Amino acid sequence: MQQVLEASSAADWRRPDPANTLYLDLASGRVIIELAPHYAPLHASNIKTMVSAHYFDGLTILRVQDNYVTQWGDPDAGDAAKARSLGSAKKTLAPEFERGIDANLPFTRLPDGDVYAPQVGFSDGFPVARDPKGGKTWLAHCYGMVGAGRDNGVETGSGAELYVVIGESPRHLDRNIALVGRVVQGMDLLAALPRGDGAMGFYTRPEQRLPIKSVRREADVPAAERTPVELLRTDTPTFTALVESRRNRSDEWYKRPAGKISLCNVPLPVRRQ
């Protein structure tokens with residue numbers, strides 16, 4: 001894979017859109033999240049509305065469930081008297097669990113099968129699944145993907161409570177919850193946190209919760225404070241070669257190449273600009 005990346009050209013890389021890139025700053029460092037407005041436009045817009053109003057600033061990491069998710073939001077969200085106001089953001093949104101297949105959306109299909117969908121691959125850097133017969137496509141719960149928590153009702157999510165996958169890909173959640181983007185840098189800051197001691201990994205004591213310093217759109221951050229990264233495009237021959245290098249590893253250590261690769265095992269390289 002390293003040889004493929006070393007041979008890549010500038011055209012094989014892209015800068016994420018600053019208007020759809022979030023900086024989640026913790027005391028330990030910065031987490032960079034790329035939103036997916038093509039797949040969850042209502043949620044992406046609502047989250048950006050909350051970010052612009054500084055809704056997440058000072059909230060906390062609420063839950064770290066081993067081999068599952070890290071979740072953040074308002075610890076008092078369940079108490080109407082204490083809950084932080086969403087301001088002009090919407091409290092509920094229509095479910096964005098899937099969307100129609102669109103020929104204008106790029107799709108790089110993986111050559112191997114998938115347990116959860118007829119087709120899988122990548123679209124604009126995001127892992128996606130597709131059902132051509134049903135005409136639907138959706139984001140997949142791979143490591144680093146960010147979703148919007150909800151209650152039992154499908155319209156109870158707003159993006160005010162978010163989680164990131166930190167363990168084995170829980171693909172059974174696909175099309176049951178809105179995925180809104182993915183972490184492109186800083187997963188180590190979210191995946192290595194102490195596990196919660198409560199049910200489902202929730203922290204049971206306030207002092208266990210990790211405060212969020214701020215969440216901002218990159219577009220609203222002064223140039224000197226930005227973290228410029230580039231993401232490998234997933235619609236180029238270079239990406240196809242990268243996938244093949246991982247399906248059939250040729251370095252001397254491997255005695256039996258797998259000849260296959262699953263959606264969530266494809267690396268998505270990131271580099272400093």
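For the structure, check the block above.
Note that the structure is a prediction, hence the values are computed from the model and not measured. (Residues numbered from 1 in each chain as written. Predicted model: local features only at pLDDT ≥ 70, side-chain atom pairs only at ≥ 80, totals over all residues. Heavy atoms only, no water.)

**Student:** For this particular structure, what's the right way to read the state of the cysteines?
**Tutor:** Disulfides are covalent bonds that link the sulfur atoms of two cysteine residues. One pass over the full model with this rule turns up one disulfide. Here Cys-142 pairs with Cys-264 through a disulfide, and the sulfurs are 2.0 Å apart. The S-S bond linking Cys-142 to Cys-264 shows a torsion near -75°; that makes this disulfide left-handed. Here Cys-142, found in the loop between strand 10 (136-139) and strand 11 (145-148), pairs with Cys-264, found in the loop between helix 4 (237-247) and strand 17 (270-272); they are 122 residues apart in sequence, far enough to count as distant. (Disulfide = S-S within 2.5 Å. Helix = DSSP H or I, 4+ residues; strand = E, 2+ residues; numbered from the N terminus.)

**Student:** Where do I start with the packing of aromatic side chains in this structure?
**Tutor:** The geometry of an aromatic ring pair is captured by the separation of the ring centres together with the interplanar angle, meaning the angle of the planes. On inspection of all chains with the given rule, the structure shows three aromatic pairs. Relative to Phe-56, the ring of Tyr-55 has its centre 5.1 Å away and its plane inclined at 85°; by these criteria the two rings are edge-to-face. Comparing Tyr-55 with Phe-56, the two get one shared label, buried. For the pair Trp-253 and Tyr-254, a centre-to-centre distance of 4.9 Å together with 80° between the ring planes defines the contact as edge-to-face. On the basis of relative accessible area, Trp-253 is assigned to the exposed category, the value being 67%. (Phe/Tyr/Trp six-rings, centres within 6.5 Å; stacked < 30°, edge-to-face > 60°. Buried < 20%, exposed > 50% of the residue type's maximum accessible area, 1.4 Å probe, protein only.)

**Student:** Is there a simple way to think about the pattern of salt bridges in this case?
**Tutor:** A side chain with one charge may pair with a side chain of the opposite charge, provided their charged atoms come close. Under the definition given, this model contains 17 salt bridges. One salt bridge in this structure joins Arg-205 and Glu-207, with 3.1 Å as the shortest N-O distance. Here Glu-244 and Arg-247 are joined by a salt bridge, their closest N and O atoms 2.7 Å apart. Here the residue Glu-244 and the residue Arg-247 both occupy positions in helix 4, the gap between them amounting to three residues, near one helical turn. Residue classification places Arg-247 among the buried positions, given a relative accessible area of 12%. Residues joined by salt bridges that share partners form a network here, namely Asp-25, Arg-30, Arg-216 and Glu-225. (Salt bridge = Lys/Arg side-chain N within 4 Å of Asp/Glu carboxyl O.)

**Student:** I'm lost on the sheet that holds strand 13 (residues 179-185) in this one. Help?
**Tutor:** Strands pair in a sheet through their backbones, by hydrogen bonds, and they do so in one of two ways: parallel or antiparallel. Spatial ordering of the open sheet is given by 14-4-5-12-11-13-3-2-15, a layout of nine strands whose pairing is antiparallel. What marks the edges here is a single partner per strand, and that holds for strand 14 (210-211) and strand 15 (214-217). Note that strand 2 (residues 21-26) and strand 15 share four bridges and pair antiparallel. Residue pairing in the sheet places Leu-24 in a bridge with Val-215 of strand 15. The strands touched by helix 2 (residues 41-52) are strand 2, strand 3 (29-35), strand 11, strand 12 (162-165), strand 13 and strand 15; relative to strand 15, the strand with the most contacts, the crossing angle is about 120°. (Pairing = 2+ DSSP bridges. Contact = heavy atoms within 4.5 Å. Axes fitted to C-alpha atoms, helices over the stretch in contact; angles between N-to-C directions.)

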